[in-house]
Amino acid sequence: GAVVSQHPSWVICKSGTSVKIECRSLDFQATTMFWYRQFPKQSLMLMATSNEGSKATYEQGVEKDKFLINHASLTLSTLTVTSAHPEDSSFYICSARDTQGEQFFGPGTRLTVL
Amino acid sequence: GENVEQHPSTLSVQEGDSAVIKCTYSDSASNYFPWYKQELGKGPQLIIDIRSNVGEKKDQRIAVTLNKTAKHFSLHITETQPEDSAVYFCAASTKNRDDKIIFGKGTRLHILP
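Because the structure is predicted, anything quoted here is derived from the model rather than measured.

Draft legend 1. Examining the sheet that holds strand β6 (residues 56-59) of chain B more closely. Residues and elements named next belong to chain B. Pairing in this open sheet of five strands is antiparallel, and the strands run β1-β3-β8-β7-β6 from one edge to the other. The sheet terminates laterally at β1 (4-7) and β6, the two strands that pair on one side only. Ignoring which end each strand starts from, the neighbouring axes of this sheet average 15° apart. In this structure, β6 lies alongside strand β7 (residues 62-67), joined through four bridges in antiparallel fashion. Looking at β7, one finds that Glu56 is bridged to Thr65.

Draft legend 2. Up close: the sheet that holds strand β3 (residues 19-25) of chain A. All names here are of chain A. Spatial strand order, β1-β3-β8-β7: four strands in an open sheet with antiparallel pairing. Every interior strand has two partners, whereas the edge strands, β1 (4-7) and β7 (67-73), have only one. The sheet shows a mean angle of 15° between the axes of neighbouring strands, taken without regard to direction. Sheet topology note: the β7/strand β8 (residues 76-81) ladder contains five bridges and is antiparallel.

Draft legend 3. Quick look at the packing of aromatic side chains. Here the structure, examined in full by the defined rule, presents twelve aromatic pairs over all chains. Seen from their ring centres, Tyr36 of chain A and Phe105 of chain A are 5.5 Å apart, and the 45° between their planes marks the pair as tilted. Residue Tyr36 of chain A is found in strand β4 (residues 32-38), and its partner Phe105 of chain A is found in strand β10 (residues 103-105); the two are separated by 69 residues along the sequence. Like Tyr36 of chain A, the residue Phe105 of chain A is buried in the burial classification. Among the aromatic residues, those joined into a cluster by ring pairs are Tyr36 and Phe105 of chain A together with Tyr36, Phe89 and Phe103 of chain B. Just above the ring of Phe67 of chain A sits the side chain of Lys66 of chain A; from NZ or CZ to the centre is 6.0 Å.

Thresholds applied
- Residues numbered from 1 in each chain as written.
- Chains lettered and ligands numbered in written order.
- Predicted model: local features only at pLDDT ≥ 70, side-chain atom pairs only at ≥ 80, totals over all residues.
- Heavy atoms only, no water.
- Pairing = 2+ DSSP bridges.
- Helix = DSSP H or I, 4+ residues; strand = E, 2+ residues; numbered from the N terminus.
- Axes fitted to C-alpha atoms, helices over the stretch in contact; angles between N-to-C directions.
- Phe/Tyr/Trp six-rings, centres within 6.5 Å; stacked < 30°, edge-to-face > 60°.
- Buried < 20%, exposed > 50% of the residue type's maximum accessible area, 1.4 Å probe, protein only.
- Lys NZ or Arg CZ within 6 Å of the ring centre and 35° of its normal.

Right, dumping it as structure tokens:
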């Protein structure tokens with residue numbers, strides 16, 4: 001099946017710094033990628049929809065200036081958490097949609113902000 | 001927007017018995033209902049899905065049913081095994097519209113030896 005990778009798999013950073021997370025579709029092209037956040041023992045909450053070559057669409061309550069999304073190519077989307085704070089500590093998961101409309105999830109990135 | 005409710009939040013079954021997880025959705029336009037298994041520290045993995053033009057689908061020990069009228073769908077796992085222990089999420093999506101996948105809150109399944 002199609003493979004989606006995320007890098008890094010985990011990251012620890014100091015409060016106030018910015019962190020970039022990459023989401024790549026390894027063997028297919030993805031015009032659309034989705035970013036989710038999952039707090040411990042909770043469900044996945046959709047943060048934003050990332051479309052290649054255009055601005056991301058954010059869900060209600062998600063700050064676009066804090067969570068910067070760039071989808072510069074058909075195989076790569078990045079999420080940058082700017083000025084991270086401890087409450088941003090979470091498991092960030094991306095998914096990528098192929099040309100058939102099927103979505104494949106990445107393995108997730110655990111962010112810990114000290 | 002779509003809202004997906006999932007029950008129970010925790011389920012313990014004896015190895016070899018069956019497990020059933022139930023979900024409801026609110027948006028009648030939803031037409032795609034995937035189920036995911038998530039193990040600790042990993043991303044969700046699709047285990048089975050069903051589309052709105054089908055009432056039931058089976059894949060070995062796993063089956064899903066869909067009642068469009070009632071907006072209910074269920075996951076059935078038979079002959080449960082220790083490796084079935086995980087968190088299971090139901091979800092709903094509208095394919096060929098925005099394709100957003102909206103997740104239920106999850107069910108933590110424990111298979112007891």
